[in-house]
Amino acid sequence: MAIEIDDLNRRYGIAGQAVFNEPVSGFAVLEVTHAHAQATIALQGAQVMTWAPTSERPVIWLSRAAKLAGGKSIRGGVPVCWPWFGPHPSQPNFPTHGFARTVAWDVVAVGGTAEATEVRFRLLPSPTTRAQWPHATEVELFIRVGRTLDMELTTRNKEPAPVTISEALHTYFEVSDIGNVAVHGVDGLTYIDKVDHGTRKQQAGAVTIGGEVDRVYLRSTADCAIEDTGWRRRIRIAKSGSRSTVVWNPWIDKAAKMGDLGDDGYRHMLCVESANAVDDAVEIAAGGEHTLRVRYSVERLD
Ligand code: BG6
């Protein structure tokens, strides 16, 4: 593996700004150190693991108990759920949230400007992925690490027939304490309440968390924001090409069963996922493409 890291650095590394490393043997990450932000990105899943704008507390949460190992999903960061979100519609033994988060992606390009470090990853079909997804689709993730964190997940359908995907950028945001936060941007929307047998309900006002929450908000196209009174900050989640928002916190019992969320991890994270799920799955025409875009930024609360 050491040779591969050397090779990655030779081909794509930018000294002092974008350096490939191996925190655990066989597990490659790109460490970004830019004047405006720091980030780490795993090649497995093209998964952003951390992002902190300069002089700001971390915005993306990574569990202290996260396991970095080939083929295992990383608890925290920005897992890419693709080409399906949640359980597979007909194959219960296929992995939850698809396979994209547990396979290695290819680095296509790394670039740096005064504003940001930019990285492009690609996932092409392989014998492993074809066994679960027999479609000729290519997927790219573009990541821009700067004062904002921008991501674009593009799916290209190379088939002569339409293909339907569901997907999410399953982002774990770091919060001062779960009791201090409210999620804005979904007022009035219908949601599927996964902790109440999938019952459809209507949101009234902002979302606050005082127990397990697992909801898919439908037709959710507006920006969302996490207001955190403890750290006097608002995390803004601007998006396009996404018609669902998933809000998830496992709370105490589920977190204890998961084993990689850390002792009090559930108090310091909140997932607000920009998605296309359930009713909002996306049909991509033959030869067409679809892009889901997000921009995360931090604002001070007055
Ligand atoms: C959320 C789902 O998006 O992800 C939850 O709505 C799920 O139902 C959670 O528990 C975590 O999933 P995983 O596969 O990373 O444990």
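Just above, that's the structure.
Now for a look at the structure at hand. (Residues numbered from 1 in each chain as written. Predicted model: local features only at pLDDT ≥ 70, side-chain atom pairs only at ≥ 80, totals over all residues. Heavy atoms only, no water.)

Some remarks on the overall build of the protein
At step 1: Counting its regular elements, the protein contains three helices and 22 strands.
At step 2: Against the globule reference of 19 Å for 302 residues, the protein gives a C-alpha radius of gyration of 18 Å, in line with a compact fold.
At step 3: Referenced to the eigenvectors of the C-alpha coordinate spread, the extents of the protein come out at roughly 50 × 50 × 35 Å.
At step 4: A separation threshold of at least 6 residues defines the contact pool for the protein, and within that pool the share at least 24 residues apart is 63%.
At step 5: For the protein, the accessible surface area stands at approximately 12800 Å², while carbon and sulfur atoms represent 48% of it.
At step 6: Once the 32 positive and 36 negative side-chain charges of the protein are each reduced to a mean point, those two points are 1 Å apart. (Helix = DSSP H or I, 4+ residues; strand = E, 2+ residues; numbered from the N terminus. Rg over C-alpha atoms; globule rule 2.2 N^0.38 Å. Contact = heavy atoms within 4.5 Å. Areas by Shrake-Rupley, 256 points an atom, 1.4 Å probe, with all protein chains shown as cover. Lys, Arg positive; Asp, Glu negative; His and termini not counted. Charge placed at Lys NZ, Arg CZ, Asp CG, Glu CD.)

Notes on the layout of surface pockets
At step 1: When its volume is computed, the largest pocket comes out at roughly 330 Å³.
At step 2: Taken together, 17 residues make up the lining of the largest pocket; nearest its centre are W84, F85, P87, P89 and S166.
At step 3: Residues belonging to the lining of the largest pocket are distributed by class as follows: twelve nonpolar, four polar and one charged. (1 Å grid on protein atoms, 1.4 Å probe; cavity = no way out; pocket = protein on both sides within 12 Å on 5 of 7 lines; lining within 4 Å. Points joined across faces, edges and corners; volume = space filled by probe spheres on them. Nonpolar A, V, L, I, M, F, W, Y, C, P; charged D, E, K, R; others polar.)

Notes on the packing of aromatic side chains
At step 1: Counted according to the given criterion, the structure contains nine aromatic pairs.
At step 2: For the ring pair W82 and F99, a centre distance of 6.0 Å and an interplane angle of 90° mean the geometry is edge-to-face. Within this pair, whereas W82 is found in the loop between β5 (80–81) and β6 (106–112), its partner F99 is found in the loop between β5 and β6, the two being separated by 17 residues in sequence. We note that W82, like F99, is buried.
At step 3: A connected cluster of aromatic rings, assembled from ring pairs, spans W82, W84, F94, F99 and W133. (Phe/Tyr/Trp six-rings, centres within 6.5 Å; stacked < 30°, edge-to-face > 60°. Buried < 20%, exposed > 50% of the residue type's maximum accessible area, 1.4 Å probe, protein only.)

With respect to empty space enclosed by the protein
At step 1: Scanning the model with the defined rule gives one cavity of 30 Å³ or more in all.
At step 2: Roughly 40 Å³ of internal volume is contained in the largest cavity.
At step 3: In terms of lining, the largest cavity is formed by W82, F99, L123, L124, P125, T129, W133, T137 and V139.
At step 4: The class makeup of the residues in the lining of the largest cavity is seven nonpolar, two polar and no charged.

Points about the sheet that holds strand β4 (residues 47–53)
At step 1: Here four strands make up an open sheet; going across it, the order is β1-β2-β3-β4 and the pairing antiparallel. The open sheet has two edge strands, β1 (18–24) and β4, and neither has a second partner. Looking at each pair of strands side by side, their axes are set apart by 20° on average, direction ignored.
At step 2: Here five bridges tie β1 to strand β2 (residues 27–34), and the two strands are oriented antiparallel to one another. Its bridge partner lying in β2, N21 is registered against V29. (Pairing = 2+ DSSP bridges. Axes fitted to C-alpha atoms, helices over the stretch in contact; angles between N-to-C directions.)

Observations concerning the sheet that holds strand β18 (residues 233–240)
Sheet strands associate in pairs through backbone hydrogen bonding, adopting either a parallel or an antiparallel arrangement.
At step 1: Here eight strands make up an open sheet; going across it, the order is β6-β7-β8-β9-β22-β18-β17-β13 and the pairing antiparallel. Lying at the two open borders of the sheet, with one neighbouring strand each, are β6 and β13 (181–184). Going from strand to strand, the sheet's axes swing by 15° on average, the running direction of each strand aside.
At step 2: Across nine bridges, strand β8 (residues 137–146) lies against strand β9 (residues 149–157) in antiparallel orientation. Of the residues in β9, the one forming a bridge with V139 is T155.

Section: unusual backbone geometry
At step 1: The peptide bond linking W82 to P83 adopts the cis configuration, its omega dihedral lying at 0°.
At step 2: For P83, the location among the structural elements is in the loop between β5 and β6.
At step 3: Residues other than glycine seldom take positive phi values, yet A46 does so here, at roughly 50°.
At step 4: Along the polypeptide, A46 turns up in the loop between β3 (37–42) and β4.
At step 5: Note on A46: relative accessible area 0%, which makes it buried.
At step 6: Positioned with a positive phi, R219 is a non-glycine residue whose angle comes to about 50°.
At step 7: Mapped onto the fold, R219 is located in the loop between β16 (213–217) and β17 (224–228).
At step 8: When its relative accessible area of 48% is taken as the criterion, R219 is described as partly exposed.

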